[in-house]
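Now for the letters of each chain:
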Amino acid sequence: MTTRILLADDHALVRRGVRLILDSEPDLTVVAEAGDGAEAVSLAAAERPDLVILDIAMPRMTGLQAARELARQQPELRILILTMYDNEQYFFEALKAGANGYVLKSVADRDLVEACRAAMRDEPFLYPGAVNALIRNYLERSAQGADAPARAITEREEEILKLVAEGHSSKEIARLLFISVKTVERHRANLLQKLGLRDRLELTRYAIRAGLIEP
């Protein structure tokens, strides 16, 4: 059977290159492309692919946010993260979001096809650095006898933070998330208090450091 794939990346050239890799395989085919995480969620509902490949840093909704939403809406859907970030924080966030694998763009021509096939076999695919990080994290947690720390902000607050950092007004955010302006303002105030920040500029800097937007 052919695996039907939805590909999401905000760079058209990247999508084109990845599509060439995937469409050259007889058992893989790209059926839809998205330019951001929100579009990926919408297209996944319409196209019902077998597998979604998500970049992390995308406008409107990051790949990690999209992965969490897709995992909620379609639990049977396989999800791969394809990213330039060789970063343990993103790797662990991807696993928590429901991703089946984490592939680096720098070695996509080598690893991506096998990662897709592994995901469809319900097997995890991790690049070597991620395996080392997973082992190290497990050993550290075992030594401390504690679980990983809780997220600093909620998923909704993260959505608000990303959109604020992208320059959207409270009214625009309310429209995008189908909530009231008053609710947006409350989340924004909570963010400033939780993170110890003062204004939009500091929220934007935090969002860049957290990988929610690109500088």
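Residues numbered from 1 in each chain as written. Predicted model: local features only at pLDDT ≥ 70, side-chain atom pairs only at ≥ 80, totals over all residues. Heavy atoms only, no water.

Going by the annotation in an unreviewed UniProt entry, the name recorded for the chain is DNA-binding response regulator, with Micromonospora musae given as the source organism.

## Topic: the UniProt feature "modified residue: 4-aspartylphosphate" (unreviewed entry) in the chain
So the rule is basically this: UniProt positions are given in the numbering used here, feature names are shortened, and annotations may be inferred rather than shown by experiment. In DSSP terms, a helix is any run of H or I states spanning at least four residues, a strand is any run of E spanning at least two, and both are numbered starting from the N terminus. The criterion used for residue contact is that any of the two residues' heavy atoms lie within 4.5 Å.
UniProt records the feature "modified residue: 4-aspartylphosphate" (unreviewed entry) for Asp55 in the present numbering. Tracing the backbone through its elements, the reader meets Asp55 in the loop between strand E3 (51-54) and helix H3 (63-73). With near-sequence residues (within four places) excluded, Asp55 lies in contact with Ala8, Asp9, Asp10, Gly63, Leu82, Thr83 and Lys105.

## Here's the deal with the packing of aromatic side chains
In plain terms, the rule: What counts as a ring pair is set by centres within 6.5 Å for rings of Phe, Tyr and Trp (its six-membered ring), and what kind of pair is set by the plane angle: stacked under 30 degrees, edge-to-face over 60, tilted for all other angles. Exposure categories follow from relative accessible area, calculated using a 1.4 Å probe and restricted to protein chains: below 20% of the type maximum is buried, above 50% is exposed, and the middle band is partly exposed.
Counting across every chain of the model gives 3 aromatic pairs. Pairing Phe91 with Phe92 gives two aromatic rings, centres 5.0 Å apart and planes at 50 degrees, and the pair type is tilted. Taken individually, Phe91 and Phe92 each receive the classification buried, so the pair is uniform in this respect. Taken together, a centroid distance of 5.8 Å and an interplanar angle of 85 degrees make the contact between Phe91 and Tyr102 edge-to-face. With a gap of 11 residues between them, Phe91 in helix H4 (residues 88-97) and Tyr102 in strand E5 (residues 101-104) connect regions that are remote in the sequence. As far as the burial class goes, Phe91 and Tyr102 line up, both buried. Here the aromatic cluster, defined as three or more aromatic residues joined through ring pairs, consists of Phe91, Phe92 and Tyr102.

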